[in-house]
Amino acid sequence: MNAYLIKGARPLGGDPVDILLKDGRIAAIGDSLAATGAEVVEAAGLIALPGLVDLHTHLREPGREDAETVETGSRAAALGGFTAVHAMANTDPVADTAGVVEQVWRLGQEAGLVDVVPVGAVTVGLKGERLAELGAMADSAARVRVFSDDGHCVADPALMRRALEYVKAFDGVVAQHAEEPRLTVGAQMHEGDRSASLGLTGWPAAAEEAIIARDVLLAEHVGARLHVCHVSTAGSVEILRWAKSRGVQVTAEVTPHHLLLTDACAESYDPVFKVNPPLRTDADVEALRAGLADGTIDVVGTDHAPHAVEDKESEWAQARPGMLGLEQALSVVIETMVEPGRLDWAGVADRMSVRPAAIGRLADHGRPLAPGEPANLVLVDATARASVDPAALASRSRNSPYAGRELPGRVVATFLRGVPTVLDGKAQK
Ligand SMILES: [Zn+2]
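What this report covers is the structure whose coordinates are included nearby. Think of each chain on its own: its residues are numbered from 1, step by step along the sequence as written. Under the rules for a predicted model, residues below a pLDDT of 70 receive no local features and side-chain atom pairs below 80 are neither given nor counted, while totals for whole chains, interfaces and linings still include all residues. In computing side-chain properties, one takes all heavy atoms of the structure into account and sets aside hydrogens as well as water.

Points about the packing of helix α4 (residues 157-167) against helix α6 (residues 205-222)
And then number 1: A fitted line through C-alpha atoms serves as each axis, taken over the contacting stretch for helices, and the angle formed by two N-to-C directions is quoted from 0 to 180°. Numbered from the N terminus, helices here are DSSP runs of H or I no shorter than four residues, and strands are runs of E no shorter than two. Viewed as axis vectors pointing N to C, α4 and α6 meet at an angle of 45 degrees, and their least axial separation amounts to 10 Å. In this view, α4 runs oblique relative to α6, as classed from their interaxial angle. Considering how the two elements wind past one another, α4 and α6 form a crossing that is right-handed. Where α4 abuts α6, its residues Pro-157, Met-160, Arg-161, Leu-164 and Glu-165 lie against Arg-214, Asp-215, Leu-218, Ala-219, His-221 and Val-222.
And then number 2: Lys, Arg, Asp and Glu make up the charged group, whereas Ala, Val, Leu, Ile, Met, Phe, Trp, Tyr, Cys and Pro make up the nonpolar group; the residues left over, Gly among them, are polar. The class makeup of the residues in the contact of α4 with α6 is 6 nonpolar, 1 polar and 4 charged. Oblique is the label for any angle not covered by the other classes, which are roughly parallel (under 35 degrees), roughly antiparallel (over 145) and roughly perpendicular (65 to 115). Crossing handedness is read from the near helix: turned anticlockwise from the far helix by less than a right angle, it gives a left-handed crossing, and turned clockwise, a right-handed one. Any two residues having at least one pair of non-hydrogen atoms within 4.5 Å are treated as being in contact.

Side note on the pairing of strand β10 (residues 173-176)
And then number 1: Side chains Val-173 and Ala-175 project from β10 onto one buried face, and the interleaved Val-174 and Gln-176 project onto a second face that is buried too.
And then number 2: Two strands are counted as paired when DSSP detects at least two bridges linking them. Sheet topology note: the strand β9 (residues 146-147)/β10 ladder contains 2 bridges and is parallel. Looking at the pairing, Phe-147 lines up with Val-174 of β10.
And then number 3: In this region the chain leaves β9, passes through α4 and returns to the parallel neighbour β10; the handedness of that crossover is right-handed.
And then number 4: Note: β10 against strand β13 (residues 226-228), 3 bridges, orientation parallel. In the sheet register, Ala-175 faces β13, and the bridge partner there is His-227. In this scheme, a residue with accessible area under 20% of its type's maximum is buried, one over 50% is exposed, and one in between is partly exposed, where area comes from a 1.4 Å probe on protein chains only. When the strands point away from the viewer, a crossover counts as right-handed if the path from the first strand over the helix to the second runs clockwise.

Thoughts on the pattern of salt bridges
A side chain with one charge may pair with a side chain of the opposite charge, provided their charged atoms come close.
And then number 1: Salt bridge, as used here, is a side-chain nitrogen of Lys or Arg placed within 4 Å of a carboxyl oxygen of Asp or Glu. Per the stated rule, a full pass over the model turns up 26 salt bridges.
And then number 2: One network of salt bridges, with partners in common, ties together Lys-244, Asp-298, Asp-350, Arg-351 and Arg-355.

Here's the deal with the layout of surface pockets
And then number 1: Buriedness for pockets is judged along seven lines, at least five of which must meet protein on both sides within 12 Å for an open set on the 1 Å grid over protein atoms alone, while cavities are sets there where a 1.4 Å probe fits but cannot get out, and lining residues have an atom within 4 Å of a point. Grid points are joined across faces, edges and corners, and a volume is the space filled by probe spheres set on the points. Of the pockets and cavities examined, the largest pocket occupies roughly 810 Å³.
And then number 2: The class makeup of the residues in the lining of the largest pocket is 13 nonpolar, 15 polar and 11 charged.
And then number 3: Estimates place the volume of the second largest pocket at around 530 Å³.
And then number 4: Considering the residues around the second largest pocket, the lining is formed by 23 residues, among which Glu-327, Gln-328, Gly-409, Arg-410 and Val-411 are closest to the centre.
And then number 5: Contributing elements (two or more residues each) for the lining of the second largest pocket: α11 (329-338), β16 (377-387) and β17 (406-416).
And then number 6: Per element, the largest residue contribution to the lining of the second largest pocket is 5 residues, and it comes from β16.
And then number 7: For the lining of the second largest pocket, the class distribution of residues is 13 nonpolar, 6 polar and 4 charged.
And then number 8: The residue makeup of the lining of the second largest pocket includes at least three contributed by each of domain 1 (3-47 + 373-427) and domain 2 (51-359). An automatic or database domain assignment is the source of the domain bounds shown.

Shape descriptors only; they carry no functional weight alone.
Okay, here's the thing in structure tokens:
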């Protein structure tokens, strides 16, 4: 079957229409469409959005297949409504050569559930000492455009400047994990009243803000594209607003967990809430929501970070930072942004599909729902509510910070180039 007739869906929350998918593209949109031979998908009341795009996913393969694989992470992504994910470079071996990024890209093609777009490391081995083979990765079959040492900050300002200059040659972007390492030695949680009372070493907001301020100045100076990963503080939003007002080519992302959770979670000492950058304060959460609403923050990036049980279920100080995100990202955005009226469905499509696809220079994603366009889309039941059960997730890991929490929104179907990867809420392979 290579034709699907979606009946009664609401594109971007608008009036119900039928959408015909044929040969990988949207063939027609209109009232009471008929198509002999097409498989009918009843979608009355469901919201239709362009397939979601994640700029920040850790798929762990190669190297930590016990925590996640390209295939299991792709399945989690499809179930979350994604049709493309960028796979971060901090694998083992590190994705710092054309060979490794091509390997990850091929594994994604074989899994066939989402487009897996490899991110290339900025520096060899993520060591922050010398630039990786950026040009070779850009020219490879994986066509890398996003480069990041995520997990580590490119702390050396001269090296960061050279990376920004270098990627201009192939319209690339450097995605910075903004963390001044000298200010976060031994850090366990956000530095503030709660870290003081819990007796845990703090991660000050200034460690993030100082790097963002430096990097927007460097990006302006050399005329290059900069993307800031997982922005977590109110001060960072202010710096980005200032930089954008100057015309700096900077984009930024916020994670679902930083939109919903605060450092109060650390009081449980449950390591599932340990993450880098750490969960911040109520005031930071409010600033992040406001920044996403007004577009200062361009995109929601999941920072999906699966960890094996032995790396996560230990004492707080020993636990690895990071949490799952792909399967609940849209639900958290509905909870924090849509239901309170801070973002409409067009806004969700913009922040979770259009802008991330544009930053990653993905031609086939983030496109309008219109005839002739690639049939990458998701159908969402926004009225459904369910409690999150980590055991039911498709990810190979279980470190969800939303366990037991009731969240709105259910992905009913995801289509990748006209083929359902998810139907009736179930992965199709
Ligand atoms: Zn990071």
